[in-house]
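Take a look at the letters that make up each chain.
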Amino acid sequence: MIRPLQPSDRELFLELTKEFYHSPAVLHEVPEQYFVNNFEEALSESPYLKGYILELDGKPVGFALLAFTYVAEVGGRQVMIEEIYLREEARGAGLGQEFFRFVEQSFPDCRRQRLEVTPENEGARRLYGRLGFQTLGYLQMVKDREE
């Protein structure tokens, strides 16, 4: 089951986010304050970020964050699967596929779904390929604002 993030999910979300950021799915650590910022933004009715808890048999086993933007090269809106994480015991049970169906059905106005995956995360890459995702040839570059 996929449900929207709720205020009562704060500790669960922070725990799951810490697990995600200490997994091979992530290339570098980020300050834990960012986890709090993400939780608060997802609950703020922001048009840019939505958060979800993923449950298996009524038990929370993961989370996802979706970010929204307009993309000129597709002439429309894009949903970025900013983060998706499932605990080990929930992997392979179909919840990841269910989540991607949920995204497609919930946001039909988005012309593109996009995500990032580390090259070493072979299981996720196989899943995303089966779901129709293709590798873009872009090299991503970022410039973070100094705090």
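Figured I'd write up the structure that's included with this text. (Residues numbered from 1 in each chain as written. Predicted model: local features only at pLDDT ≥ 70, side-chain atom pairs only at ≥ 80, totals over all residues. Heavy atoms only, no water.)

As for the environment of Arg10
And step 1. Checked against the element boundaries, Arg10 lands in helix H1 (residues 10-21).
And step 2. Here Arg10 falls in the partly exposed class, since its relative accessible area comes to 34%.
And step 3. Placed 25 residues apart in sequence, Arg10 and Phe35 show a C-alpha to C-alpha distance of 9.8 Å.
And step 4. With near-sequence residues (within four places) excluded, Arg10 lies in contact with Val36 and Phe39. (Helix = DSSP H or I, 4+ residues; strand = E, 2+ residues; numbered from the N terminus. Buried < 20%, exposed > 50% of the residue type's maximum accessible area, 1.4 Å probe, protein only. Contact = heavy atoms within 4.5 Å.)

Some details on the sheet that holds strand E5 (residues 110-115)
And step 1. On the basis of which strands lie adjacent, the open sheet formed by 5 strands has the order E1-E2-E3-E4-E5 and mixed pairing. Two strands bound the open sheet, and with one partner strand each, they are strand E1 (2-4) and E5. Taken over all neighbouring pairs, the strand axes of this sheet differ in orientation by 30 degrees on average, direction set aside.
And step 2. Here strand E4 (residues 76-86) pairs with E5 via 5 bridges, running parallel. The residue of E5 that forms the bridge with Val79 is Gln113. (Pairing = 2+ DSSP bridges. Axes fitted to C-alpha atoms, helices over the stretch in contact; angles between N-to-C directions.)

Focus on unusual backbone geometry
And step 1. Backbone geometry at Glu45 places phi at a positive 65 degrees, although glycine is not the residue there.
And step 2. Here Glu45 lies in the loop between helix H2 (32-43) and strand E2 (49-56).
And step 3. Of note in the backbone geometry, Asp57 takes a positive phi value of approximately 55 degrees without being a glycine.
And step 4. Relative to the helices and strands, Asp57 resides in the loop between E2 and strand E3 (59-71).
And step 5. Of the residues examined, Asp57 reaches a relative accessible area of 80% and is grouped as exposed.

A few points about the packing of aromatic side chains
And step 1. Within the structure shown, the criterion is met by 15 aromatic pairs.
And step 2. Ring centres of Phe99 and Phe102 lie 6.0 Å apart, and the angle between their planes is 35 degrees; this geometry places the pair in the tilted category. Residue Phe99 and its partner Phe102 are both found in helix H3 (residues 95-106); the two are separated by 3 residues, about one turn of the helix.
And step 3. For Phe99, a relative accessible area of 0% puts it in the buried group.
And step 4. On the basis of relative accessibility, which here comes to 22%, the residue Phe102 falls in the partly exposed class. (Phe/Tyr/Trp six-rings, centres within 6.5 Å; stacked < 30°, edge-to-face > 60°.)

Some thoughts on H2
And step 1. End to end, H2 covers 18 Å across 12 residues, agreeing with the expected 16 Å (1.5 Å per residue, within 8%).
And step 2. Within H2, burial applies to Phe35, Val36, Phe39 and Ala42. Taken around the axis of H2, the buried residues stretch over an arc of 130 degrees, which confines them to a single face.
And step 3. Lining the buried residues of H2 we find H1, E2 and E3.
And step 4. Where H2 terminates, the next one or two residues include Glu45, which has phi positive at roughly 65 degrees. (Expected span 1.5 Å × (residues − 1). Arc of directions from axis to C-beta.)

Re the pairing of E3
And step 1. In this sheet, E3 lies alongside E2 in antiparallel orientation, the contact comprising 8 bridges. Among the inter-strand pairings, Ile53 is bridged to a residue of E3, identified as Phe63.
And step 2. Connecting E2 to the antiparallel partner E3 that follows it, the hairpin turn spans 2 residues, and Asp57 within it adopts a positive phi of roughly 55 degrees.
And step 3. Looking at chain direction, E3 and E4 are connected through 10 bridges and run antiparallel. Its bridge partner being in E4, Leu65 is matched across the sheet by Glu83.
And step 4. The antiparallel hairpin formed by E3 and E4 contains 4 residues in its connecting segment, where Gly75 sits at a positive phi of about 60 degrees.

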